[in-house]
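A structural walkthrough
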Amino acid sequence: WRIPENGSESPEARAAITEAGELLGTGGIVAFPTETVYGLGCDAANTEAVERVFAAKGRPSDNPLIVHIADERQLEPIVKPYSGTAAKLMAAFWPGPLTIVLPALEGAVSPRVTAGLDTVAVRMPAHETALKLIAAAGCPIAAPSANRSGRPSPTRAEHVQEDLESRIDGLVDGGPAAVGLESTVVEVSEGCIRILRPGSVTAEELAAAGGCEVVEQDEGAAGERSGQPEAPRSPGMKYTHYAPAGSMTLVAGEPEAVSGYIMKEAAMAAAEGRRTGILVYEEHAAAYEADAVLVLGSLGRPADAARTLYDALRTFDKLGIEEIWAEACPQEGIGAALMNRLTKAAGGRLIQV
Ligand code: TXA
Ligand code: MG
């Protein structure tokens, strides 16, 4: 179903949302747009449907799903009493790109959704079509990102088609995603917010709204560094993610040093017959030459880069690029989340020049 960009109010859009909602409410698995990335949704209480979502994605079953709600009334039946800090974050950021890990009420959602944890991750997306669709389904909707496991998250309906076309019951096309990176995931206890996955809601914003300490913790990265076997709090972070098919290296430093290094490396790779790709900021694009030079956006507008990143990674794949270099970006605002995803896409290869 295609929903026009200028709104979900037309009769065609309403009919599409009703139909897709019915499909979700009766055990179907349907991909739909949110402000962050496209999700692959199903009734969170329907274990059979949840299992089909895992199968369609090829996702490891110990990685829990986020439950999406359309309004606060859908929250109470699935969670136990939660902290005042969590309530403050809901008031400040919902609907929006913030997922909050809350104490789960046993039996309310399928155990496959929580992967056996005693918590459930919940978010209310800031997207008209998504909210109407969840309301039309009449139940909380469990939805991981609508990509094959290990591929970049889908920011356009075409990305969902590339990855999942024949494996799902429906796709609601709402145009390109406004944010382009997955939601910030937090775990909250009285007096402390722990960031399990950075996103467009930043640590500073969380501290201001929660009025408390914020700890930034990337489970995957932390685990890799220390090698300690402790179970990750957010199981998803231990998997390699967002990886393009080509091998990628992230390069940080002064712009001239970065472009000098990358062009030298790229020339060597090209001489050996490998196809090269470079991911750069508008301001530095003229300094580069390769089989594919993709521009993420302007350094001054990191939100643009966030919106373009996954599409660019998919483009490198389509062009058969074998070696990719990417300029590192400043860590301010959404830049922290962007660097997190770039680092994962690079499998941790970050070079300082
Ligand atoms: O923006 C988003 O969050 C998108 C859209 C579709 O809403 N969804 C998304 O879902 O990115 P997914 O499944 O790709 O990532 C969910 C993340 C994983 O890292 C998972 O481990 C974590 O949330 N998660 C889910 N339930 C959790 C829980 N109970 N405790 C800790 N982490 C949890
Ligand atoms: Mg995902």
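Residues numbered from 1 in each chain as written. Chains lettered and ligands numbered in written order. Predicted model: local features only at pLDDT ≥ 70, side-chain atom pairs only at ≥ 80, totals over all residues. Heavy atoms only, no water.

Keep this limit in mind: UniProt positions are given in the numbering used here, feature names are shortened, and annotations may be inferred rather than shown by experiment.
The chain is annotated in an unreviewed UniProt entry as Threonylcarbamoyl-AMP synthase of Paenibacillus sambharensis. The heading Sequence similarities (unreviewed entry) in the UniProt record of the chain holds the text "Belongs to the SUA5 family." Within the UniProt record for the chain, the comment given under Subcellular location (unreviewed entry) is "Cytoplasm".

1. Some points on the environment of Pro302
Here is the rule we go by: Counting from the N terminus, the helices are the DSSP runs of H or I reaching at least four residues and the strands are the DSSP runs of E reaching at least two. Whether a residue is buried, partly exposed or exposed follows from its accessible area with a 1.4 Å probe, protein chains only, as a fraction of its type maximum: under 20%, in between, or over 50%, in that order. Contacts: residue pairs with any heavy atoms within 4.5 Å of one another.
Structurally, Pro302 can be placed in helix α10 (residues 302–318). Residue Pro302 is classed as partly exposed on the basis of its relative accessible area of 28%. Setting aside anything within four residues of it in sequence, one finds Pro302 in contact with Ile334 and Leu338.

2. Describing helix α1 (residues 11–25)
Here is the rule we go by: To estimate the expected span of a helix, count its residues, drop one, and scale the result by 1.5 Å. Note that the arc is computed from the directions linking the helix axis to the C-beta atoms.
Under the 1.5 Å per step criterion, the end-to-end length of α1 is 21 Å for 15 residues, consistent within 8% with the ideal 21 Å. Among the residues making up α1, those that are buried are Ala13, Ala16, Ile17, Ala20, Gly21 and Leu24. Burial along α1 is one-sided: seen end-on, the buried residues are contained in an arc of 130°. Along α1, exposed side chains directed more than 90 degrees from the buried face belong to Pro11, Glu12 and Glu22. Count one or two residues on from α1 and you reach Gly27, which has phi positive near 95°.

3. Describing the sheet that holds strand β11 (residues 247–252)
Test applied: When DSSP finds two or more bridges between a pair of strands, those strands are recorded as paired. Every axis in this analysis is a line fitted to C-alpha atoms, fitted for helices over the stretch in contact. Angles between the N-to-C directions lie between 0 and 180 degrees.
Reading across the sheet, the five strands line up as β13-β12-β14-β11-β15 and stay open at both edges, with parallel pairing between neighbours. Two strands close off the open sheet at either side, each with one partner strand: β13 (292–297) and β15 (350–352). This sheet shows a mean twist of 25° between the axes of neighbouring strands, independent of strand direction. Pairing of strand β12 (residues 276–281) with β13 involves five bridges; the strand directions are parallel. Note that in β13 the partner of Gly277 across the bridge is Ala292.

4. Quick word on the pattern of salt bridges
Counted only if it meets this: In the sections that follow, a salt bridge refers to a side-chain nitrogen of Lys or Arg positioned within 4 Å of a carboxyl oxygen of Asp or Glu.
Scanning the model with the defined rule gives 22 salt bridges in all. A salt bridge links Arg123 to Glu35, with the shortest nitrogen-to-oxygen separation between them at 2.9 Å. Placement of Arg123 in strand β5 (residues 119–123) and of Glu35 in the loop between β1 (30–32) and β2 (39–43) is noted, with a sequence separation of 88 residues between them. With a shortest N-O distance of 3.0 Å, Arg52 and Asp169 are connected by a salt bridge. Separated by 117 residues along the polypeptide, Arg52 in helix α2 (residues 47–57) and Asp169 in the loop between α6 (157–164) and β7 (170–171) bring together distant segments of the chain.

5. What to know about helix α11 (residues 335–345)
With respect to burial, α11 is a largely interior element, nine of its 11 residues being buried. Within α11, burial applies to Gly335, Ala337, Leu338, Met339, Asn340, Arg341, Leu342, Lys344 and Ala345. Among the structural elements, β9 (192–197), β11, β12, α10, β14 (323–327) and β15 are those in contact with the buried residues of α11. Where α11 terminates, the next one or two residues include Gly347, which has phi positive at roughly 60°.

6. Observations concerning the UniProt feature "binding site: ATP" (unreviewed entry) in the chain
UniProt's entry tags Arg59, Asn63, Ser145, Ser153, Arg197 and Tyr242 with the feature "binding site: ATP" (unreviewed entry), counted in the numbering of this structure. Within the secondary structure, Ser145 sits in the loop between β6 (141–142) and α6. Ser145 gets classed as buried once you look at its relative accessible area, which sits at 19%. For Ser145, the residues in contact, after removing those within four places along its chain, are Val37, Tyr38, Gly39, Leu40, Lys57, Ser153 and Pro154.

7. Quick notes on the environment of Ala345
For Ala345, the location among the structural elements is in helix α11. Under the relative-accessibility criterion, Ala345 is labelled buried at 6%. Spatially, the C-alpha atom of Ala345 lies 6.5 Å from that of Pro244, the residues being 101 residues apart in sequence.

8. Examining the sheet that holds strand β4 (residues 98–103)
Strand order in the open sheet formed by 10 strands is β7-β1-β2-β6-β3-β5-β4-β8-β9-β10, and the pairing between neighbours is mixed. Two strands close off the open sheet at either side, each with one partner strand: β7 and β10 (213–216). By the bridge criterion, five bridges tie strand β8 (residues 184–189) to β9 in an arrangement that is antiparallel. Directly across from Val186, in β9, lies its bridge partner Ile195.

9. So, the packing of helix α3 (residues 84–93) against helix α7 (residues 203–210)
Stated formally: Handedness of a crossing follows from how the near helix is turned relative to the far one, being left-handed for an anticlockwise turn of less than a right angle and right-handed for a clockwise one. Each residue is assigned to one of three groups, with Ala, Val, Leu, Ile, Met, Phe, Trp, Tyr, Cys and Pro labelled nonpolar, Asp, Glu, Lys and Arg labelled charged, and all others, Gly among them, labelled polar.
Viewed as axis vectors pointing N to C, α3 and α7 meet at an angle of 115°, and their least axial separation amounts to 9 Å. Read as a crossing pair, α3 and α7 show a hand that is right-handed. Counting all contacts with α3, which are made through Thr85, Lys88, Leu89, Ala92 and Phe93, the residues of α7 involved are Glu205, Leu206, Ala209 and Gly210. The class makeup of the residues in the contact of α3 with α7 is five nonpolar, two polar and two charged.

10. Thoughts on the UniProt feature "domain: YrdC-like" (unreviewed entry) in the chain
In this numbering, the UniProt entry assigns the feature "domain: YrdC-like" (unreviewed entry) to residues 14–201. Across residues 14–201 one finds 29% helix and 20% strand; the C-alpha atoms that close the span lie 30 Å apart.

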